[in-house]
Amino acid sequence: MSELGELYADLGLSGDELDLLAMPRRSFTVHFPVRMDSGRTRMFIGHRIQYNDARGPAKGGLRFHPELTIDHVRDLAFLMVLKCAVVNIPFGGSKGGVVVNPKELSRNELEQVTRSYIRAIAEFIGPFKDIPAPDVYTDSQTMAWIMDTYSQYMGYRVPEVVTGKPIIVGGSEGRSEATSLGVVFCIREAAKKLGMKLKGSSVAVQGFGNVGWNAADILHHMGCKIVAVSDTKGGIFNLNGFNPRKVFEHKEKSGSVVGFSGSKDVSNQELLELNCDILVPAALEGQITKANANEIKAKLIAEGANGPTTPEADRVFEEKDIFLIPDILANSGGVASSYFEWVQNLTREHWTAQEGNKKLEVKMVKAFNDCYDISKKQKTNMRNGALILGVGRVAEAIRTLGFWP
Ligand code: NAD
């Protein structure tokens, strides 16, 4: 039995429940035409997986990527099921995407790809069925096109069909910082448990995109010393710390964090292994592996990215007593904030950023402590604590509803 299988068995899941959770509820592929700027028609492939909806409508991002496969979409959809359960919002999990390199398309072509894909899947999505959101290479503009296309299909405005929209058409205040704020709430709670003082703690952040830069900025304002950040071109280090906002301005002008004045260049590998208190991987999957886990010196790791740590590296951290806040907990602030957007759209209300952030704090602190308590009770790490919590909640919902069809 796999390690995950053993863990699920520990939850008291029956074989039937394990079988049910091992497969997505609905998985489909569409082929759709798009009239390109040249006047020619090109066919595109789109996938969508609605993994589970026992706890509520499926919820998950839409990715545009040339190497997107249905297997990857399935893994990401399952991750969404767990995330929504851990942060305890009434959603199941889904994911989707189009096999396309958006960098090769004009803005008009991107809009046509988005609209054509949504027309192809319109009957399968909806505010109470499946609610898309941004993911890799899709953004708030893509979400506005989705809302408009779906609204044309229904014949009236349906902002609650999609989250991550621009504020003017029903987006939520504070959505762009929400994932990072959630990461920081988890770091704050973990520091309390570890008896660590956040003020003056040194922090290294891998990836200076939406999640990484905002996390660095918030932690800087809380008195942490941001000693290193990086992007695809490399990283920068300054033992005395720097102001992430100034680094952001430098990146805006030069295209990278590299070359920021007063800092030393480091490779992405060196950044992970720096002598610092807190490490926030906020770039890609599979960055921390068996090969480098032993070199990591941080006492606390918060996974801003999805899947940055391999299971082998997890075992090393357990042996070294490094406290890791897993992705399905650490970055669940993004989907929690999407839930807030959906609620505001359904009620036609608009909250201030402060109202949303306060609600986010309550959700994240509760989720962190739920995972922590389970990990202590079961004498396991935080990743297993979060898995036990997430899978347990989904299984309980399935059990309560009864099996279908
Ligand atoms: P983004 O595209 O805005 O930023 C990614 C950053 O990582 C960029 O600065 C890029 O230069 C950098 N990067 C890419 N490859 C790198 C490498 N090898 N080494 C160092 N830096 C590298 O993306 P994002 O929205 O910030 O998402 C980052 C991660 O967080 C992803 O794993 C994503 O799935 C996850 N996530 C994001 C959200 C969200 O709300 N944005 C929510 C949950 C999870």
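Residues numbered from 1 in each chain as written. Predicted model: local features only at pLDDT ≥ 70, side-chain atom pairs only at ≥ 80, totals over all residues. Heavy atoms only, no water.

Student: Quick question: what am I supposed to make of the site of the ligand here?
Tutor: Residues in contact with the ligand amount to 19 residues; listed here are only the nearest, Thr179, Asn210, Val211, Asn268 and Asn306. Within the side chain of Thr179, a nitrogen or oxygen atom sits 2.6 Å from an oxygen atom of the ligand. The backbone of Gly304 places a nitrogen or oxygen atom 3.4 Å from an oxygen atom of the ligand. Isolated, the ligand exposes 830 Å² of accessible area, and the fraction of that covered by the protein chains is 72%. Sorting the residues of the shell around the ligand by element identifies α6 (175–194), α7 (210–221) and β7 (225–231) as the ones contributing at least two each. (Near = heavy atom within 4 Å. Polar contact = N/O pair within 3.5 Å; in protein donor to acceptor, adjacent residues only side chain to side chain. Areas by Shrake-Rupley, 256 points an atom, 1.4 Å probe, with all protein chains shown as cover. Helix = DSSP H or I, 4+ residues; strand = E, 2+ residues; numbered from the N terminus.)

Student: Please explain the pairing of strand β10 (residues 278–281) as it appears in this structure.
Tutor: Side-chain positions along a regular strand alternate between the two faces of the sheet. What you see with β10 is no split at all: Ile278 and Val280 on one side and Leu279 and Pro281 on the other are buried throughout. Both strand β6 (residues 202–206) and β10 contribute to a ladder of 4 bridges, which runs parallel. Paired with Gln206 across the strands is Pro281, a residue of β10. In the sheet, β10 pairs with strand β11 (residues 300–302) via 2 bridges, with the strands oriented parallel. Paired with Leu279 across the strands is Ile301, a residue of β11. (Buried < 20%, exposed > 50% of the residue type's maximum accessible area, 1.4 Å probe, protein only. Pairing = 2+ DSSP bridges.)

Student: What am I meant to see in the nonpolar core here?
Tutor: One broad rule of soluble globular proteins: the nonpolar side chains tend to lie buried together. Ranked by size, the top nonpolar core spans 81 residues in total, and within it Ile187, Val229, Ile325, Leu329 and Phe368 carry the most contacts. If sequence neighbours within four positions are ignored, Leu329 has contacts with Val86, Cys186, Met364, Ala367, Phe368, Cys371 and Met382. In terms of nonpolar packing, the next biggest core, distinct from the first, is built from 26 residues, Val30, Val34, Met36 and Val162 among them. (Core = buried A, V, L, I, M, F, W, Y, C linked by side-chain atoms within 4.5 Å. Contact = heavy atoms within 4.5 Å.)

Student: I would appreciate a short explanation of the sheet that holds β7 in the present structure.
Tutor: For sheets, the rule is that strands pair by backbone hydrogen bonds, running either parallel or antiparallel. Spatially, the 7 strands line up as an open sheet ordered β9-β8-β7-β6-β10-β11-β12, and their pairing is mixed. Each edge of the sheet is formed by a strand with only one pairing partner; in this case those strands are β9 (264–266) and β12 (323–325). With direction set aside, neighbouring strand axes in the sheet form an average angle of 20°. (Axes fitted to C-alpha atoms, helices over the stretch in contact; angles between N-to-C directions.)

Student: Please clarify how the side chain of His47 should be interpreted in this entry.
Tutor: Tracing the backbone through its elements, the reader meets His47 in strand β2 (residues 41–52). Classification of His47 as buried rests on a relative accessible area of 9%.

Student: Can you help me understand the sheet that holds strand β4 (residues 93–99) in this one?
Tutor: Strand order in the open sheet formed by 5 strands is β1-β2-β4-β3-β5, with mixed pairing between adjacent strands. The sheet is open, and its two borders are formed by β1 (26–35) and β5 (130–134), each paired with just one other strand. Mean inter-strand twist for the sheet, computed between neighbouring axes without regard to direction, equals 25°. In this structure, strand β3 (residues 58–65) lies alongside β4, joined through 4 bridges in parallel fashion. Bridge assignment links His65 to a residue of β4, and that residue is Val99. The sheet strands contacting helix α4 (residues 107–121) are β1, β2, β3 and β4, and the helix crosses β1 at an angle near 135°.

Student: Hey, could you run me through the pattern of salt bridges in this one?
Tutor: Where side chains of opposite charge bring their charged atoms close, a pairing between them can arise. Throughout the structure, instances matching the rule amount to 23 salt bridges. Two residues, Asp130 and Arg48, come together in a salt bridge whose shortest N-O distance is 2.8 Å. Placement of the pair is Asp130 in strand β5 and Arg48 in strand β2, with a sequence separation of 82 residues. Accessibility assignment for this pair places Asp130 and Arg48 in one class, buried. Measuring nitrogen to oxygen at the nearest pair gives 3.0 Å for the salt bridge that ties Arg348 to Glu160. Remark: Glu160 occurs in the loop between α5 (140–154) and α6 and Arg348 occurs in the loop between α13 (333–347) and α14 (353–377); sequence separation between them is 188 residues. Connected through salt bridges with shared partners, the residues Arg188, Glu189, Lys192, Lys358 and Glu361 form a single ionic network. (Salt bridge = Lys/Arg side-chain N within 4 Å of Asp/Glu carboxyl O.)

Student: Would you mind showing me how to read the side chain of Arg115 here?
Tutor: With respect to the helices and strands, the residue Arg115 is situated in helix α4. Using a relative accessible area of 13% as the deciding quantity, one classes Arg115 as buried. Each residue touching Arg115, except ones within four places of it in the same chain, is listed here: Trp145, Asp148, Thr149 and Gln152.

Student: Explain α4 to me, please; I cannot follow it from the model alone.
Tutor: Two residues of an α-helix separated by three or four positions point the same way, owing to the 3.6 residues in each turn. If you check α4, its first and last C-alpha atoms are 21 Å apart, about what 15 residues at 1.5 Å a residue would give, namely 21 Å. Every buried residue belonging to α4 is among Glu109, Leu110, Glu111, Val113, Thr114, Arg115, Ser116, Tyr117, Ile118 and Ile121, and all of these are buried. Buried residues in α4 make contact with β1, β2, β3, β4 and α5. (Expected span 1.5 Å × (residues − 1).)

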